[in-house]
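Structure assessment
Take a look at the letters that make up each chain.
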Amino acid sequence: MNQSVDLGEIYRDLHAHPELSLHEVRTAGIVAARLESFGYDVTTGVGGTGVVGVPRNGDGPIVLLRADMDALPVEEKTGLPYASRVRANDPDGNDVPVMHACGHDVHVTCLLGAAQALAADRTGWRGTLFLVFQPAEELGRGAQDMIDDGLYARFGTPSVVLGQHVAPLPAGIIGLRAGPSFAGADTLHVTMYGRGAHGSRPEASIDPVVMAAATVMRLQTVVSREVPAADTAVLTIGSLRAGTKDNIIPDDAELQLSIRSFEPRVRETVMAAVERIVNGEAATAGAPKPPEIRHVTTFPAVVNDTEGVARTQEAFEQEFGAGRIVDPGPVTGSEDVGILAVGVQALVRAARTWLR
Ligand code: ZN
């Protein structure tokens, strides 16, 4: 079988047919069919659309390999012959374009390739492969959904969790890093309440647009004035919505925040500052009621195990040459793969309390 041609086809097909988080039905079907064609037993519907294969090959460790399957509500403008033209409804019912803009199509293809290569050569390894194709990474919940659906109770507890992510590095270069590697991320949705009025009589209003604008500007001081220079944090306000018409002052305004950090104490500093500033600006404006702050998603930081990275580095250097492996430094992007390892740590800790 010509592996590269086959994998290229799988990749282009996945790329042309992206699916939003929690809707990875077609992708999961392709994954399951391919794994079965390699001779693996497959379980589908794990934590939603998750797919698991756990081929055993004698005694040995359980090694978990993970790929995420979901795409993003982004319009593809690459002009590629296999570009996505897919549209779908987002969770709010809006019609949105869909694209594999985060490269999860690459991850699925790579893991299928690894599964195929390991199936073809069963003399070169022993132990248990734990193949995990995960839904809803972009929502920060797919890994947790699979654990909650009994991932480890049903299929065993892995010795190591190996994840992957494409990144804007030169082609052929692999980034690998011990310790804090991907930032933790928190999404906050903030609603600020004012009092609507006709636009010709602003004195009758408590203007939530001005309140939100002041809040946006003040929030820029959190990272620049409150986080020490040696620490890393990012605070982005990606969405600011209020009102429907030029001459109507609306009743409320909504801000959507994305916060990144590596250290729990930095995260706490930023979260506390956001709460203080949002409440403070509302109070300053004379808001009729305090803002509502909803914590929508949380990704823990990915902190790679030092020994696991050292073993992986050695293997990569043998396979690809030392010059191709770089430490990219901490990345402020986020990943929920760490939850799979935290889930293992939690099981080990729980087991130890009984095994004393
Ligand atoms: Zn991603």
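Up top is the structure these notes are about.
In this report, we go over the structure that sits alongside the text. Everything quoted here is computed from the prediction, not taken from an experiment.

All right, on to the coordination of the zinc ion then. Around the zinc ion, the protein contributes the donor atoms C102 (SG), H104 (NE2) and H165 (NE2), which lie 2.1 to 2.3 Å from the metal centre. Of note, the zinc ion draws all its donor residues from one chain, in the sequence arrangement C-x1-H-x60-H. Taken together, the positions of C102 in the loop between β6 (95-97) and α3 (104-120) and H165 in the loop between β8 (160-162) and β9 (174-175) put the pair 63 residues apart, joining distant regions of the chain. Classification of C102 as partly exposed rests on a relative accessible area of 24%.

We now examine unusual backbone geometry. Located in the positive-phi region is L22, a residue other than glycine, with phi close to 75°. With respect to the element layout, L22 can be found in the loop between α1 (3-16) and α2 (25-37). The phi dihedral of A136 falls on the positive side, at around 50°, and the residue is not glycine. Looking at the element boundaries, A136 is found in the loop between β7 (127-134) and α4 (142-148).

The sheet built from four strands is open, its strands ordered β13-β15-β11-β16 with antiparallel pairing. On the outer flanks of this sheet lie β13 (233-242) and β16 (292-299), each paired with one strand and no other. Averaged over all neighbouring strand pairs, the angle between strand axes comes to 15°, with direction disregarded. As paired strands, strand β11 (residues 184-193) and strand β15 (residues 252-261) are joined by 10 bridges and run antiparallel to one another. Paired with T187 across the two strands is S258, which belongs to β15. Along the sheet, helix α6 (residues 208-226) makes contact with β11, β13 and β15, crossing β13 at roughly 170°. On the sheet, helix α7 (residues 264-285) packs against β11, β13, β15 and β16 and is oriented at approximately 10° with respect to β11.

Rules of the game
Residues numbered from 1 in each chain as written. Predicted model: local features only at pLDDT ≥ 70, side-chain atom pairs only at ≥ 80, totals over all residues. Heavy atoms only, no water. Donors = N, O, S within 2.8 Å, 3.2 Å for Na, K, Ca; no water. Helix = DSSP H or I, 4+ residues; strand = E, 2+ residues; numbered from the N terminus. Buried < 20%, exposed > 50% of the residue type's maximum accessible area, 1.4 Å probe, protein only. Pairing = 2+ DSSP bridges. Axes fitted to C-alpha atoms, helices over the stretch in contact; angles between N-to-C directions. Contact = heavy atoms within 4.5 Å.

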